[in-house]
Amino acid sequence: MRTILVVGGGYAGFYTAWKLEKKLRKEEARVVLVDPRPYMTYQPFLPEVLAGSVEARHAAVSQRRHLRRTKIISGSVVTVDHANRTATIRPAEGAEFALAYDIIAVTAGAVTRQLGVPGVADQAIGMKHVEEAVAIRDRLLTNFDRAATLEPGPERSKLLSAAFVGGGFSGVEGFGELLSLATALTKPYPEIKKSEIAFHLVEARDRILPEVTDEPGRWVVRSLEKRGAHIHLNATMQSAVDGHVVLSDGTEFDTDLIVWTVGNAATAMVRNHTDLPVNERGMLTVRADLRVGTDAEPVPDAWGAGDDAAVPDLAVPGTWTVPNAQHAVRQGKLLASNIVASLRGREPKQYKHHSLGTVATLGLGRGIFQYKRIVIKGLPAWLMHRGYHVLAVPTWERKVRVLAIWLAAAVYGRDIVSLASVQDPRRAFVAGGKDS
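Residues numbered from 1 in each chain as written. Predicted model: local features only at pLDDT ≥ 70, side-chain atom pairs only at ≥ 80, totals over all residues. Heavy atoms only, no water.

As annotated in an unreviewed UniProt entry, the protein carries the name NADH dehydrogenase and comes from Asanoa hainanensis. Taken verbatim from the UniProt record of the protein, the Sequence similarities (unreviewed entry) comment is "Belongs to the NADH dehydrogenase family." (UniProt positions renumbered as here; feature names shortened; annotations may be inferred.)

### A look at the overall build of the protein
Each helix and strand in the protein was counted, giving 13 helices and 25 strands. Taking 436 residues into account, the globule formula puts the C-alpha radius of gyration at 22 Å, and the protein, at 23 Å, falls close to it. Along the first, second and third principal axes, the C-alpha atoms of the protein reach 70 × 65 × 45 Å. Expressed as a percentage of its 436 residues, the buried residues of the protein come to 52%. Contacts spanning at least 24 positions in sequence make up 68% of the contacts within the protein whose residues lie at least 6 apart. (Helix = DSSP H or I, 4+ residues; strand = E, 2+ residues; numbered from the N terminus. Rg over C-alpha atoms; globule rule 2.2 N^0.38 Å. Buried < 20%, exposed > 50% of the residue type's maximum accessible area, 1.4 Å probe, protein only. Contact = heavy atoms within 4.5 Å.)

### Thoughts on the sheet that holds strand β14 (residues 237-239)
One open sheet accounts for 3 strands, arranged β14-β15-β16; its pairing is antiparallel. The sheet is open, and its two edges are formed by β14 and β16 (252-254), each paired on a single side. Averaged over all pairs of adjacent strands, the angle between strand axes in this sheet comes to 35°, irrespective of strand direction. As judged from the 2 bridges shared by β14 and strand β15 (residues 244-247), these two strands associate in the antiparallel manner. Across the sheet, S239 pairs through a bridge with V246, a residue of β15. (Pairing = 2+ DSSP bridges. Axes fitted to C-alpha atoms, helices over the stretch in contact; angles between N-to-C directions.)

### Observations concerning the pairing of strand β2 (residues 29-35)
A large share of β2 lies buried, amounting to 6 of its 7 residues. Across 6 bridges, the pairing between strand β1 (residues 2-7) and β2 is parallel. Looking at the pairing, L5 lines up with V32 of β2. Here β2 pairs with strand β5 (residues 70-81) via 5 bridges, running parallel.

### Overview of the sheet that holds strand β25 (residues 374-377)
Ordered in space as β23-β24-β25, the 3 strands form an open sheet in which the pairing is antiparallel. Strands at the two margins of the open sheet, each flanked by one partner only, are β23 (358-363) and β25. Geometrically, the sheet is characterised by an average inter-axis angle of 10° between neighbouring strands, direction not taken into account. In this structure, strand β24 (residues 366-371) lies alongside β25, joined through 4 bridges in antiparallel fashion. Paired with Y371 across the bridge in β25 is I374. Against the sheet, helix α8 (residues 214-226) makes contact with β23, β24 and β25, and its axis sits at roughly 175° relative to β24, the strand it touches most.

### Focus: the domain arrangement of the protein
How big an interface is tends to be stated in terms of accessible area lost as the parts join. In terms of domains, the protein is made up of domain 1 (2-112 + 264-344) and domain 2 (124-262). Just the C-alpha atoms count here: the centres of domain 1 and domain 2 sit 33 Å apart. When the two sides are added together, the surface that domain 1 and domain 2 hide from each other amounts to roughly 1,600 Å², 62% of it contributed by carbon and sulfur. If you sort the residues of domain 1 by the area they bury against domain 2, P47, L50 and T112 come out on top, with a joint share of 38%. One can count 1 salt bridge joining domain 1 with domain 2. R37 serves as the salt-bridge partner of E131, at 3.2 Å between the closest nitrogen and oxygen. The tally of links from domain 1 across to domain 2 stands at 4 residue pairs in polar contact (both at pLDDT 80 or more). (Domains from an automatic or database assignment. Buried area = accessible area lost by both parts, 1.4 Å probe. Salt bridge = Lys/Arg side-chain N within 4 Å of Asp/Glu carboxyl O. Polar contact = N/O pair within 3.5 Å; in protein donor to acceptor, adjacent residues only side chain to side chain.)

### Details of α8
Under the 1.5 Å per step criterion, the end-to-end length of α8 is 19 Å for 13 residues, consistent within 8% with the ideal 18 Å. Looking at α8, one finds that the buried residues are P216, G217, W219, V220, V221, S223 and L224. On its buried side, α8 packs onto α7 (169-184), β12 (198-202), β13 (230-232), β23, β24 and β25. (Expected span 1.5 Å × (residues − 1).)

### Some words on α7
Taking 1.5 Å of rise per residue, the 16 residues of α7 would be expected to cover 22 Å, and the 22 Å separating its terminal C-alpha atoms lies within 8% of that figure. Of all 16 residues that make up α7, 13 are buried, and the element is covered over most of its length.

### Digging into the pattern of salt bridges
Following the criterion strictly, the structure yields 17 salt bridges and no others. When salt bridges with common partners are traced through the structure, they connect R25, E28 and R344 into a single cluster.

### Some remarks on the environment of T261
Mapped onto the elements, T261 comes out in the loop between β17 (258-260) and β18 (264-266). Here T261 falls in the buried class, since its relative accessible area comes to 14%. Linking T261 and V172, residues 89 residues apart in sequence, is a C-alpha distance of 9.3 Å. Among residues more than four places away in sequence, those in contact with T261 are M127, V165, G166, S170 and G171. A polar atom in the side chain of T261 sits 3.4 Å from the backbone oxygen of G166.

### Topic: the environment of V259
Looking at the element boundaries, V259 is found in strand β17. Separated by 134 residues in the primary sequence, V259 and I125 have C-alpha atoms spaced 4.9 Å apart.

### Some remarks on the UniProt feature "domain: FAD/NAD(P)-binding" (unreviewed entry) in the protein
Under the UniProt annotation, the feature "domain: FAD/NAD(P)-binding" (unreviewed entry) is placed at residues 3-332. Across residues 3-332, the secondary structure splits into 28% helix and 28% strand, with the terminal C-alpha atoms separated by 18 Å.

### What about the packing of aromatic side chains?
Scanning the model with the defined rule gives 9 aromatic pairs in all. Ring geometry for Y15 versus W18: centroids 5.7 Å apart, planes at 65°, classification edge-to-face. Here W18 and Y15 lie together in helix α1 (residues 11-23), a separation of 3 residues that amounts to about one turn. In terms of burial, Y15 and W18 fall into one category: buried. The interplanar angle of 85° and the centroid separation of 5.5 Å between the aromatic rings of F164 and F175 together place this pair among those described as edge-to-face. Of this pair, F164 sits in strand β11 (residues 161-165) while F175 sits in helix α7, placing them 11 residues apart in sequence. Of the two residues examined, F164 and F175, each falls in the buried class. Above the face of the W18 ring, K19 is positioned so that its terminal group lies 5.4 Å from the ring centre. The side chain of K22 reaches across the aromatic face of W18, ending 4.2 Å from its centre. (Phe/Tyr/Trp six-rings, centres within 6.5 Å; stacked < 30°, edge-to-face > 60°. Lys NZ or Arg CZ within 6 Å of the ring centre and 35° of its normal.)

Right under this line is the structure:
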C-alpha cells in the first residue's frame, strides 16, 4: 500500500489529509501527517481570540479528533530527500528517524520574517498561532491591572501603549480588535482614561489592507484614527530595544506590547533542506495543478500548496496566489482530489479561484467588506465577517462552540480575566513552598 506523506497540518495540510480520508478507497493508500502542533489553527479567529470574543481552544481544530484514518506524527520534517522518497522526522520526543514515502504533499506553511530589527526578537509577539493570540490578550489585560495602580507617568504610559507592525489583514484585524478591547476596558478600570491608551499601527507602504482598493483602505485608516489610533504609513520600525520603539518617520515611544505581523517566509526546511525545486524567494516551485516543478519539468509524486508554495494565479497571469486562508483551504481540497486522480490514472485539475470578496473585522461591531466595486462598511460588514467564518471553520462541533460563546458574549459581555500566570504555572507552587 502506498504512503502519502503530508508535511504540515495547517490549513492546506489539514484539508488535504481530511479530504484524502474521504476520497481514498480502503487499502488504496495510507496517509501520514507530520506537524509539531496537535491542531490546525483557524487563523481568521485569532483577532477575536485577542479580543476575548472567541475562546482560544475554539480557534484550534484537533487533528486526532477529525483525522481518524490518518497516522499523525507529532514532530517536524527537517529534510526531504525526494530522489530516494525519504523524509527525516524530528519527533517531539526521541531521536530523529527516516520515513519512507511514495507521494509527498508539502504544506509546511510559512514563518514570520523578523527583518533583523534590533529588539524585535526579544520584545515582539507574532500572531500566527493560538498561543500568541492568548499571550497578547493576557499581556494587555495584565498591563491594565498594573497601570491602574500607578500614578500618571512614563511607566503607566508604557503599559497602556501597544504597537502593531504590519498593515496586512492579520495586523489590521488584530489591531482593530485589541483596540476595541482596550477601549472597552476603561469601563471596568475607571482609573484609566481613554485618552491614555496609545495604539500605534506601523506600515511600510503608503496604505494598509492591500487586498481592498484605495478608498476603502483610506476609510479604514480614518475609522481607526477616529477611535484614537495612531497610523504610521510609509514608516518602518528601526529599533525596539527594551520596548523603546523608534520609527523611520521620527516617532519614538515606549511600549510593553509589540505585535509583529510583517510578511511571511517559507520554512527553513523548504528553503534549504530539500531537493525539491524552490524559486528565488525560497518558496516551493509549483504548477497550476499543484504538482511540484514546472510545466516542462514536473517532479513525479511531489505536490505542494499553501503559504510555502508559489502557486500560479491563473486569474492574474504572471503572479502567484497570495498567502491567505481562502487559497490554502481551496488548494488543500484540490490537492487531495488531484492526488487521488493521479493514483487512478486521471489528469489533475488546475487551481482556478473565484474570489468571494474580502471581509475584515475592525473591532466589535465594526468591519469592512469588498466584492469588486461593492463596498459595505460598519456593522453589516462585521456581521458578514462573523457569518462567513462560522460557516468556513471546519466541523459542526467547532461551529456550534463558536456560536455559543458569541451568544454568551452578546448577553454577558467579553471575559476580561487575564491568565498570564499559565505561562509560568509553577511559580505559585514554588513560591508557596519557601519559608517566609
